[in-house]
Amino acid sequence: MNSRTLLIPLAGITAGLLVSTAGAQERRGPGDGCIFDGIEVTPLSDQETQDVLYMREEEKLARDVYRAMFDLWEVPTFFTISESEQRHMDALGRLIVRHDLEDPVVDDTEGVFTNPVFETLYDDLVEAGSASTVDALKVGALIEELDIVDLREALAETDHADVQRVYENLMRGSRNHLRAFAALITAAGETYEAVHLTQEEFDEIAASPFERSNGQRNGQCWGNRGDKGSSDLPGRQRGLGTRSGR
């Protein structure tokens, strides 16, 4: 996969604008916790292995930045989405265990990564999001752009059903996160210029409804006690009140 240069859009941001939201709450169904039923474990290629390990730390990057933004601005959406990113990390962690890979997350401290690229990105993104609440929301949108692009590329490199299942669910979650950040940016009277997606694709995702899962979220299967599936960040998004260095 190609390396990309991280660009942080800062021009035109209104400094100091405070945004609050009740956030979008995840509807979780009860379940038996089954994992990858019916999918045989077969060896991953070197590229597939590299991608799984890379995405594991990229999801940690998202979680860590959102935690920092919540601590700074106390916008509930950052807390909600950071919890979703933890679940994304866990899903990739299950793949790592399943395929007997070496987990790159050897220290779960926020801002600490095995891949130095992510340490640099963490510092840059936290700095950018510290300027104002709107800056922080735009950093969130940028991270979700990166996740979507990187997951899409990783998905194209694998023919393993278990890996595909995880990537597809994580990408659905990232689209929902992008929608949440885009809605708050718009509610603040601001616009967002896409960096890694085309503007047309970003706007199309942002304007589309929140997605719900097919009942197999992040490699787990929910039970049959009335759960109809859940998106990674479903529910109502209430209003105000690229991989780099691969």
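Scroll up a little and you will see the structure.
Notes on the structure in this doc start here. (Residues numbered from 1 in each chain as written. Predicted model: local features only at pLDDT ≥ 70, side-chain atom pairs only at ≥ 80, totals over all residues. Heavy atoms only, no water.)

## Side note on the nonpolar core
In this structure, Leu61, Val65, Tyr66, Phe78, Leu125 and Tyr167 are the most contacted members of the largest nonpolar core, which totals 51 residues. Counting residues per element, the ones that place at least two in this core are helix H1 (46-73), helix H2 (76-98), helix H3 (116-129), helix H4 (133-156), helix H5 (161-187) and helix H6 (199-207). Ranked by residues supplied to this core, first place goes to H5 with 11 residues. Setting aside its immediate chain neighbours within four residues, Phe78 contacts Tyr66, Met69, Phe70, Ala136, Leu137 and Phe181. (Core = buried A, V, L, I, M, F, W, Y, C linked by side-chain atoms within 4.5 Å. Buried < 20%, exposed > 50% of the residue type's maximum accessible area, 1.4 Å probe, protein only. Helix = DSSP H or I, 4+ residues; strand = E, 2+ residues; numbered from the N terminus. Contact = heavy atoms within 4.5 Å.)

## Structural notes on the environment of Leu155
Topologically, Leu155 is positioned in helix H4. Excluding residues within four positions of it along the chain, Leu155 makes contact with Gln164, Tyr167, Glu168 and Met171.

## Notes on the pattern of salt bridges
Scanning all chains against the criterion turns up 10 salt bridges. Notably, a salt bridge pairs Arg63 with Asp108, separated by 3.1 Å at the nearest N-O pair. Remark: Asp108 occurs in the loop between H2 and H3 and Arg63 occurs in helix H1; sequence separation between them is 45 residues. A relative accessible area of 39% places Asp108 in the partly exposed class. (Salt bridge = Lys/Arg side-chain N within 4 Å of Asp/Glu carboxyl O.)

## What to know about the side chain of Arg179
Secondary-structure assignment places Arg179 in helix H5. According to the relative accessible area criterion, Arg179 is buried, its value standing at 5%. Reaching out from Arg179, the side chain makes a polar contact with the backbone oxygen of Pro209 at a distance of 3.3 Å. Among the polar contacts made by the side chain of Arg179, one reaches the side chain of Glu211 at a distance of 3.0 Å. (Polar contact = N/O pair within 3.5 Å; in protein donor to acceptor, adjacent residues only side chain to side chain.)

## Focus on the side chain of Glu85
Counting through the fold element by element, Glu85 comes out in helix H2. Buried and unpaired, Glu85 has no salt bridge, with Arg63 as the nearest side chain of opposite charge at 8.6 Å. Separated by 3.1 Å, the side chains of Glu85 and His177 make a polar contact. (Lys, Arg positive; Asp, Glu negative; His and termini not counted.)

## Considering the packing of aromatic side chains
Summed over the entire model, instances satisfying the criterion amount to eight aromatic pairs. Seen from their ring centres, Tyr66 and Phe78 are 6.1 Å apart, and the 40° between their planes marks the pair as tilted. In this pair, Tyr66 sits in helix H1 while Phe78 sits in helix H2, placing the two residues 12 residues apart along the sequence. Take Phe78: its relative accessible area is 0%, and that puts it in the buried class. Judged by centre distance (5.5 Å) and plane angle (40°), the rings of Phe78 and Phe181 are tilted. Residue Phe78 is found in helix H2, and its partner Phe181 is found in helix H5; the two are separated by 103 residues along the sequence. Both residues of the pair, Phe78 and Phe181, count as buried. By way of ring pairs, the aromatic residues Tyr54, Phe113, Phe118 and Tyr122 are connected into one cluster. Positioned above the aromatic ring of Phe113, the side-chain terminus of Lys60 is 4.4 Å from the ring centre. (Phe/Tyr/Trp six-rings, centres within 6.5 Å; stacked < 30°, edge-to-face > 60°. Lys NZ or Arg CZ within 6 Å of the ring centre and 35° of its normal.)

## Here's the deal with a negative patch on the surface
A cluster of acidic residues, Glu119, Asp123, Asp124 and Glu127, forms a negative patch on the protein surface. The topology assignment puts Asp123 in helix H3. (Patch = residues over 30% accessible without salt bridge, like charges linked within 9 Å, V, L, I, M, F, W, Y side chains within 5 Å. Areas by Shrake-Rupley, 256 points an atom, 1.4 Å probe, with all protein chains shown as cover. Charge placed at Lys NZ, Arg CZ, Asp CG, Glu CD.)

## Digging into unusual backbone geometry
Phi is positive for Glu74, which is not a glycine, with a value near 55°. With respect to the element layout, Glu74 can be found in the loop between H1 and H2. With a phi close to 55°, Asp100 is a non-glycine residue in the positive phi region. Among the secondary structure elements, Asp100 is positioned in the loop between H2 and H3.

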